[in-house]
Amino acid sequence: MQRRANSEMLRLYWRIGHTILGRQRVESWGSGVLNRLAADLRAEFPSTEGFSLANLAYMRRYAEGWMEDAILQQAVGELPWSHIVSLLDKLDDQSLRDWYAAMHV
């Protein structure tokens, strides 16, 4: 049950990150996509945690770093969010991220 909940949360975070990437491609630089989305999500879901500006930036990097299929089929899809954030912070090389993700599953 916990693994399924984690998988669903990772899918949600990836989709939010993917949406952010799409909006940033369409809107001009400095338009505040992340700030607006953080405010909108907090207003819509006031009792839900995880929609901070910093976490939305991680979601964007998450969607940028892995394809949606990867989160469903590769080791990264089995990691807790905090481990994924750590991989994003510490490693710029995607192949190293994938390797470390596989080692921690």
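Residue positions are counted from 1 within each chain, in the order its sequence is given. For a predicted model such as this one, the threshold for reporting local features is a pLDDT of at least 70, and the threshold for listing and counting side-chain atom pairs is 80 or more; totals across whole chains, interfaces and linings nevertheless cover every residue. Water and hydrogen atoms were dropped before computing side-chain values, which therefore reflect all heavy atoms in the structure.

Caption draft 1: Spotlight on the overall build of the chain. Per the secondary structure count, the chain includes 6 helices and 0 strands. A run of H or I in DSSP becomes a helix once it reaches four residues, and a run of E becomes a strand once it reaches two; helices and strands are each numbered from the N terminus. Along the chain, helices and strands appear, N-terminal first, in the series α-α-α-α-α-α. Relative to a compact globule of 105 residues, whose C-alpha radius of gyration would be 13 Å, the chain shows 14 Å and is just as compact. The principal-axis extent of the C-alpha atoms belonging to the chain is close to 40 × 30 × 20 Å. Only the protein chains shown count as cover for residues, and the accessible areas themselves come from Shrake-Rupley with a 1.4 Å probe. Surface accessibility of the chain: about 6,800 Å² in total, with carbon and sulfur atoms responsible for 54%. Counting rule applied: Lys, Arg positive; Asp, Glu negative; His and chain ends not counted. By convention, the point assigned to a charge is CZ for Arg, NZ for Lys, CD for Glu and CG for Asp. Both charge centroids of the chain, one from 12 positive and one from 13 negative side chains, sit 2 Å from each other. Radius of gyration: over C-alpha atoms. The globule rule applied is 2.2 Å multiplied by the number of residues raised to the 0.38 power.

Caption draft 2: Geometry of the packing of aromatic side chains. Two aromatic rings, drawn from Phe, Tyr or Trp (for Trp, its six-membered ring), form a pair once their centres lie within 6.5 Å of each other, and the interplanar angle then sorts them: stacked below 30 degrees, edge-to-face above 60, tilted otherwise. As enumerated under the stated definition, the model contains 5 aromatic pairs in all. Ring centres of Tyr 13 and Trp 81 lie 4.7 Å apart, and the angle between their planes is 75°; this geometry places the pair in the edge-to-face category. In this pair, Tyr 13 is assigned in helix H1 (residues 2–26) and Trp 81 in helix H5 (residues 81–90), connecting sequence segments 68 residues apart. You'll find Tyr 13 and Trp 81 in the same group, each marked buried. These aromatic residues form a ring-pair network of at least three members: Tyr 13, Tyr 62, Trp 66 and Trp 81. Whether a residue is buried, partly exposed or exposed follows from its accessible area with a 1.4 Å probe, protein chains only, as a fraction of its type maximum: under 20%, in between, or over 50%, in that order.

Caption draft 3: Looking closely at the pattern of salt bridges. Salt bridge, as used here, is a side-chain nitrogen of Lys or Arg placed within 4 Å of a carboxyl oxygen of Asp or Glu. One pass over the full model with this rule turns up 4 salt bridges. One salt bridge connects Arg 36 with Glu 27, and the closest N-O pair in it is separated by 2.6 Å. Since its relative accessible area comes to 37%, Arg 36 is described here as partly exposed. When its relative accessible area of 26% is taken as the criterion, Glu 27 is described as partly exposed. The partner of Arg 61 in a salt bridge is Asp 89, and the shortest N-O contact between them spans 3.6 Å. Placement of the pair is Arg 61 in helix H3 (residues 53–65) and Asp 89 in helix H5, with a sequence separation of 28 residues. Residue classification places Asp 89 among the partly exposed positions, given a relative accessible area of 45%.

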